[in-house]
Amino acid sequence: MRIRVVVALKNGVLDPQGLVLKKGLHQLGFDEVEAVHVGKVVELELEEQNQEVALQRTRLMCEKLLVNEAVEIGSIEALP
């Protein structure tokens, strides 16, 4: 089973990479860009066949390692 975890910074947390990308896009003439938020995508392949169990295990992985809950939020989805 494949699971995708999307991790992003919480609102209000400084995103230096996003600021650098926004500045670069403006320098390239893309002035319509108001904000850029940089995150990460983690795709997992699990042996587990039961989707609910796989999602539950992935939530635990996020709590323990994949998501820094102090400054990040994560969303989880099962992939076909």
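A brief structural summary. Think of each chain on its own: its residues are numbered from 1, step by step along the sequence as written. Local features in this predicted model are restricted to residues whose pLDDT is 70 or higher, and side-chain atom pairs enter the listing and the counts only when it is 80 or higher, whereas totals over whole chains, interfaces and linings include all residues. As a convention, hydrogens and water are excluded, and side-chain values are obtained from all of the structure's heavy atoms.

In this analysis the probe radius is 1.4 Å and the grid spacing 1 Å, with only protein atoms considered; a cavity is a set of points the probe fits into but cannot get out of, a pocket is an open set with protein on both sides within 12 Å along at least five of seven lines, and lining residues have an atom within 4 Å of a point. Grid points are joined across faces, edges and corners, and a volume is the space filled by probe spheres set on the points. Here the largest pocket is characterised by a volume of approximately 240 Å³. Along the walls of the largest pocket sit 16 residues, with Val13, Asp15, Ala35, Val36 and His37 positioned nearest its centre. When contributions to the lining of the largest pocket are tallied by element, the ones reaching two or more residues are strand S1 (2–9) and helix H1 (16–27). Put simply, DSSP marks the helices as runs of H or I at least four residues long and the strands as runs of E at least two long, and each gets a number from the N terminus on. Per element, the largest residue contribution to the lining of the largest pocket is three residues, and it comes from H1. Taken together, the residues that form the lining of the largest pocket break down as seven nonpolar, five polar and four charged. Under the convention adopted here, Pro, Cys and the residues Ala, Val, Leu, Ile, Met, Phe, Trp and Tyr are nonpolar, Asp, Glu, Lys and Arg are charged, and Gly plus all remaining residues are polar.

For the rest of this paragraph, the subject is the side chain of threonine 58. You can see threonine 58 is positioned in helix H2 (residues 51–66). Burial status follows relative accessibility: with a 1.4 Å probe on protein chains alone, a residue under 20% of its type maximum counts as buried, one over 50% as exposed, and anything between as partly exposed. Threonine 58 gets classed as buried once you look at its relative accessible area, which sits at 0%. A distance of 2.8 Å separates a polar side-chain atom of threonine 58 from the backbone oxygen of alanine 54. A contact between two residues is defined here by any heavy atoms of the two lying within 4.5 Å. Excluding residues within four positions of it along the chain, threonine 58 makes contact with Ile3, Val5, Leu44, Leu46 and Ile76. Under the rule applied, a polar contact is a pair of N or O atoms within 3.5 Å (in protein, one hydrogen donor and one hydrogen acceptor; residues adjacent in sequence only if both atoms are side-chain atoms).

Turning next to the pattern of salt bridges. We define a salt bridge as a side-chain nitrogen of Lys or Arg found within 4 Å of a carboxyl oxygen belonging to Asp or Glu. The full count for this structure, using the stated rule, is three salt bridges. The partner of glutamate 43 in a salt bridge is arginine 2, with the nearest N and O atoms 2.9 Å apart. One end of the pair, glutamate 43, is in strand S2 (residues 40–45); the other, arginine 2, is in strand S1, and 41 residues separate them in sequence. Among the ionic pairs, arginine 4 bridges to glutamate 77, the shortest N-O distance being 3.6 Å.

Its place among the elements puts isoleucine 73 in strand S3 (residues 72–79). A relative accessible area of 48% places isoleucine 73 in the partly exposed class. Sequence separation between isoleucine 73 and valine 7 is 66 residues; the distance between their C-alpha atoms is 5.7 Å. Filtering out sequence-adjacent residues up to four positions away, isoleucine 73 remains in contact with Val6, Val7, Ala8, Lys10 and Val67.

The subject of this paragraph is the nonpolar core. Core analysis: the largest hydrophobic core is formed by 11 residues, namely Ile3, Val5, Val7, Val42, Leu44, Leu46, Ala54, Leu55, Cys62, Leu66 and Val67. Going through the elements one at a time, S1, S2 and H2 are the ones with two or more residues in this core. The leading source of residues in this core is H2, at four residues. Those residues in contact with alanine 54 that lie beyond four places of it in its chain are Met1, Ile3, Leu46 and Glu48. For this analysis, a nonpolar core means a set of buried residues of the types Ala, Val, Leu, Ile, Met, Phe, Trp, Tyr and Cys, connected via side-chain atoms within 4.5 Å.

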